[in-house]
Amino acid sequence: MFENSQSQSSDFVRDIILEHLKADKYGGRVHTRFPPEPNGYLHIGHAKSICLNFGIANENNGGLCNLRFDDTNPTKEEAEYVKSIEEDVKWLGFDWHDKLHYASDYFEHLFKYALELIKKGKAYVCDLTPDQIREHRGTLTEPGTDSPYRNRSIDENIHLFKKMYDGEFEDGSHVLRAKIDMTSGNLNMRDPVIYRILHSSHHRTGDKWCIYPMYDFTHCISDSIERITHSICTLEFEDHRPLYDWFLNELNLYHPQQIEFARLNLSYTVLSKRKLLELIQKKYVFGWDDPRMPTISGLRRRGCSAESIRNFCDRIGVAKRDSMVDISLLEYFIREDLNKRAQRVMAVLRPLKIIIDNYPEDTVEMLEAINNPEDQESGTREIPFTRTIYIEREDFMEDPPKKFFRLSPDREVRLKHAYFIKCVDVIKNNAGEITELHCTYDPKTRSGTSQDGRKVKGTLHWVSAEHALQSETRLYDHLFTTEDPNENKEGSDFKSFLNPDSLEILTSCMLEPSLVNAKTGIPYQFLRQGYFCIDSKDSTKEKPVFNRTVSLRDTWGKISKAMK
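All residue numbers refer to positions counted from 1 along the written sequence of the respective chain. Only residues with pLDDT of at least 70 are given local features in this predicted model, and only at 80 or more are side-chain atom pairs given and counted; all residues enter the totals for whole chains, interfaces and linings. Only heavy atoms go into the side-chain values, all of them from the structure, while hydrogens and water stay out.

1. Thoughts on the packing of aromatic side chains
The geometry of an aromatic ring pair comes down to the distance between the two centres and the angle between the two planes.
(1) Moving on: Each Phe, Tyr or Trp ring (for Trp, its six-membered ring) is paired with any other whose centre lies within 6.5 Å, and the angle between the two planes then decides the class: stacked below 30 degrees, edge-to-face above 60, tilted in between. Inspection of the entire model under this criterion finds 26 aromatic pairs.
(2) Moving on: Summarising the aromatic geometry, the rings of Y332 and F333 are spaced 5.1 Å apart at their centres and angled 75 degrees between planes, so their arrangement reads as edge-to-face. There is no split in this pair, since Y332 and F333 are both buried.
(3) Moving on: It is R204 that lies over the ring of Y102; its NZ or CZ is 3.8 Å from the centre. Note on exposure labels: buried denotes an accessible area under 20% of the residue type's maximum, exposed denotes more than 50%, and partly exposed covers the range between, all computed with a 1.4 Å probe on protein chains only. As a reminder, the over-ring test applies to NZ of lysine and CZ of arginine, requiring each to be within 6 Å of the ring centre and within 35 degrees of the ring normal.

2. Re empty space enclosed by the protein
(1) Moving on: The way it works is a 1 Å grid over only the protein atoms, where trapped points that fit a 1.4 Å probe form a cavity and open points with protein on both sides within 12 Å along at least five of seven lines form a pocket, and then any residue with an atom within 4 Å of a point lines it. Grid points are joined across faces, edges and corners, and a volume is the space filled by probe spheres set on the points. Going through the model one piece at a time under the given rule, you end up with 5 cavities of 30 Å³ or more.
(2) Moving on: In this structure, the largest cavity spans a volume of roughly 270 Å³.
(3) Moving on: Taken together, 23 residues line the largest cavity, and the ones lying closest to its centre are R292, L299, R302, I327 and L330.
(4) Moving on: At the level of secondary structure, the elements contributing two or more residues to the lining of the largest cavity comprise α10 (296–302), α12 (327–341) and β27 (545–551).
(5) Moving on: Among the elements that line the lining of the largest cavity, the one with the most residues is α12, at 4 residues.
(6) Moving on: Under the convention adopted here, Pro, Cys and the residues Ala, Val, Leu, Ile, Met, Phe, Trp and Tyr are nonpolar, Asp, Glu, Lys and Arg are charged, and Gly plus all remaining residues are polar. Taken together, the residues that form the lining of the largest cavity break down as 16 nonpolar, 3 polar and 4 charged.
(7) Moving on: Taken as a whole, the second largest cavity encloses approximately 40 Å³ of empty space.
(8) Moving on: Considering the residues around the second largest cavity, the lining is formed by M346, I383, P384, W462, V463, S464, E512 and P513.
(9) Moving on: Per the convention used, a helix needs a DSSP run of H or I reaching at least four residues, while a strand needs a run of E reaching at least two, with both numbered from the N terminus. For the lining of the second largest cavity, the secondary structure elements donating two or more residues are β16 (380–385) and β22 (463–464).

3. What to know about the environment of T32
(1) Moving on: Relative to the helices and strands, T32 resides in strand β1 (residues 31–34).
(2) Moving on: With a relative accessible area of 0%, T32 lands in the buried category.
(3) Moving on: The spacing of T32 and I228 is 196 residues in sequence and 5.7 Å in space, taken between C-alpha atoms.
(4) Moving on: Any two residues whose heavy atoms approach within 4.5 Å at even a single point are treated as in contact. Those residues in contact with T32 that sit more than four places away from it in its chain are N53, I56, A57, L64, C65, N66, I228, H230 and I232.

4. Some details on the pattern of salt bridges
(1) Moving on: A carboxyl oxygen of Asp or Glu within 4 Å of a side-chain nitrogen of Lys or Arg is what we treat as a salt bridge. According to the stated counting rule, one finds 42 salt bridges in the structure shown.
(2) Moving on: A salt bridge links R134 to D131, with the nearest nitrogen and oxygen atoms 2.2 Å apart. Taken together, the residues span about one helical turn, with R134 and D131 both in helix α5 (residues 130–137) at a distance of 3 residues.
(3) Moving on: Assessed through its relative accessible area of 46%, D131 is described here as partly exposed.
(4) Moving on: A salt bridge links D289 to R301; the nearest nitrogen and oxygen atoms lie 3.4 Å apart. In this pair, D289 is assigned in the loop between α9 (273–281) and α10 and R301 in helix α10, connecting sequence segments 12 residues apart.
(5) Moving on: Owing to a relative accessible area of 9%, R301 belongs among the buried residues under this scheme.
(6) Moving on: Ionic contacts of the salt-bridge type, sharing partners, join the residues D289, R301, E472, R474, D535, K537, D538 and K543 into one network.

5. Remarks on helix α7 (residues 215–225)
Residues spaced three or four apart along an α-helix point in a common direction, a consequence of the helix completing one turn every 3.6 residues.
(1) Moving on: In terms of burial, α7 is largely enclosed, as 9 of its 11 residues are buried.
(2) Moving on: Those residues of α7 lying buried are D216, F217, T218, H219, C220, I221, S222, D223 and S224.

6. Here we look at the packing of helix α11 (residues 306–316) against α12
(1) Moving on: As a packed pair, α11 and α12 sit with axes 9 Å apart at the nearest point and diverge in direction by 135 degrees. When the axis of α11 is compared with that of α12, the two are oblique. Every pair of crossing elements has a handedness; the one defined by α11 and α12 is right-handed. Of the residues in α12, those in contact with E307, S308, I309, N311, F312, R315 and I316 of α11 are L329, L330, F333, I334, D337 and K340.
(2) Moving on: Split into classes, the residues belonging to the contact of α11 with α12 amount to 7 nonpolar, 2 polar and 4 charged. To get an axis, fit a line to the C-alpha atoms, keeping to the stretch in contact for a helix; angles then go from 0 to 180 degrees between the N-to-C directions. The scheme is simple: roughly parallel for angles under 35 degrees, roughly antiparallel for over 145, roughly perpendicular for 65 to 115, oblique for anything else. Helix crossings get a hand from a simple test, with the near helix turned counterclockwise from the far one by less than a right angle marking a left-handed crossing and a clockwise turn marking a right-handed one.

7. Things to note about the sheet that holds strand β7 (residues 211–213)
(1) Moving on: Pairing is antiparallel across the open sheet formed by 4 strands, whose spatial order is β4-β5-β6-β7. A strand with exactly one partner marks an edge of an open sheet, and here the two such strands are β4 (123–126) and β7. Adjacent strand axes in the sheet meet at a mean angle of 20 degrees, parallel and antiparallel pairs treated alike.
(2) Moving on: Here a strand pair is declared whenever DSSP counts at least two bridges between the two strands. Of the pairings in the sheet, the one linking β4 to strand β5 (residues 175–178) comprises 4 bridges and is antiparallel in character. Residue V125 lies in a different strand from β5, and its bridge partner there is L176.
(3) Moving on: Each of β4, β5, β6 (193–197) and β7 is contacted by helix α4 (residues 107–119), which is oriented at about 120 degrees to β6, the strand it contacts most.

8. Some thoughts on the packing of helix α1 (residues 12–22) against helix α2 (residues 44–59)
For any two helices packed against each other, one specifies the inter-axial angle together with the distance between the axes.
(1) Moving on: Contact geometry for α1 and α2: axes closest at 12 Å, N-to-C directions at 40 degrees. When you trace α1 past α2, the crossing you get is right-handed. Where α1 approaches α2, its residues V13, R14 and I17 are matched on the opposing element by L52, G55, I56 and E59.
(2) Moving on: Of the residues belonging to the contact of α1 with α2, the class tally is 4 nonpolar, 1 polar and 2 charged.

9. Overview of the sheet that holds strand β25 (residues 524–526)
(1) Moving on: Judged by pairing direction, the sheet is mixed, and its 7 strands sit side by side in the order β12-β25-β26-β27-β23-β24-β13 without closing on themselves. The strands lining the two open edges of the sheet, one partner per strand, are β12 (343–345) and β13 (347–348).
(2) Moving on: Note that strand β23 (residues 469–476) and β27 share 3 bridges and pair parallel. Paired with T473 across the bridge in β27 is F546.
(3) Moving on: In this fold α12 packs onto β12, β25, β26 (530–534) and β27, with an angle of close to 120 degrees to the strand it touches most, β27.

10. Here we look at the side chain of H174
(1) Moving on: Its location among the elements puts H174 in the loop between α6 (154–165) and β5.
(2) Moving on: For H174, a relative accessible area of 11% corresponds to the buried category.
(3) Moving on: Whenever two N or O atoms come within 3.5 Å, that pair is a polar contact, provided that in protein one can donate a hydrogen and the other can accept it, and provided that, for residues adjacent in sequence, both atoms are side-chain atoms. Side-chain polar atoms of H174 contact the side chain of S173, separated by 3.0 Å.
(4) Moving on: With near-sequence residues (within four places) excluded, H174 lies in contact with V125, C126, D127, M164, F169 and I197.

11. So, the layout of surface pockets
(1) Moving on: The calculated volume of the largest pocket comes to roughly 1,600 Å³.
(2) Moving on: If you go around the largest pocket, you meet 50 residues; those closest to its centre are E37, Y215, E236, F237 and R263.
(3) Moving on: Taken together, the elements giving at least two residues each to the lining of the largest pocket come down to β1, α2, β6, α7, β8 (230–234), β10 (265–266) and α9.
(4) Moving on: With 4 residues, α2 is the single largest residue contributor to the lining of the largest pocket.
(5) Moving on: Along the lines of polarity and charge, the residues of the lining of the largest pocket split into 21 nonpolar, 15 polar and 14 charged.

The analysis is restricted to geometry; functional conclusions fall outside its scope.
See below:
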């Protein structure tokens, strides 16, 4: 008997697993794994796989999910990446408990199984160069041709493979290949390489090994050793499944079920670790955790919550066909989550000084403000009001168009949580630039309404100049200007689509004083501006730095119509 506690949402992967449970295929077990290669930081595409693999394990009674590092290429792997991956998986809300593994744990097993294939006449040492191997492989329409070393004797292959192991050959001079079928319609079955020589120190095993197994060979055997039931991969591995099956069948090993699903493609984004690394190395961004990056650490630093990422991954679902997901959908889930949790505060990003001429000098009035109208238990706070305040520079126009309802000469507006004010004078410098405004206020409008019933159409946020906290604010936008920067448009490099305005840094922002106690990981809504958070890396008590997580603009309506 099995017990399945799936939520209402389902997909073809879960349907396959449900059928296996009903048929008692794996004794009622569900055991998945997430097998990242530690050659970079995880991104939003990996988050989809994490949520799928760990989610399926959590949905089924007794389900397990391993975290396994595919650390078979020492030239690209670092301990830093291992640490970051562990942090990201935990931050997303998942736990592998005691199921932490490394492919390098199985190097002895893999070597033994490679020898077993040689002894069965199913593998051979090949001296062709990588370019020659590609030439011999053939094409999708033409069969491959046998390597001249394909028919070496078993004894010679064992001898040469052990010399590879002993470090007697140079990198690239010899490989071990599976002996399958050079005429197969599946190029992956045309005698694939299963071991290569790499004289490079490994982050865990040091210099013990100088030969390393290829992913296709390592993947299936690691799954088998760990008794995985369902090996869930992205769609590009569908053509590799016959090879997965071949290795396990030839070695007579326990056989998990490989299932492929479509990877995440996100608009205005690249999700290739190679391309992301190139952006870092060429200084287009400031690192893996740059808030413009689609990495999990970048999203976290930008102020996204784990819940919003999980909700996004759940909403896009699991499909068998590749498609492009609009980044506005991700922004919708980030915005929806922050709207419920973020405290409302006032922050003036491009300040313009106002002196209220008829307000008493040296007077500080404490006004009550609601922290979050979406959360009644969040309470209220007090904000100081004084004679000199700051408003947004864009909230004033000296000669406004017809539908401009903010401040202008002889026009009244409402100050949020405070009074009506009217502009009576505009002060400019020698260059004709506005430096400050003089206004008057109506002391009878503290409630936000006038006693005589007059109406105002504009409400502005503000901060007291005397109490303002000066900060740096970073406004982030899409990293690319085109929907699919991965497309090769007339030979264009993906970097040619980088958005020059993806980051705007404002250094003289004025914030309400309550933000002096802002903490990392706490979201804020800057009224009329967007959602912001303290930067976890660069912010200090003396010089606070805030990142814009997402704007207030909601484009979900367009998306939902397109998805119907």
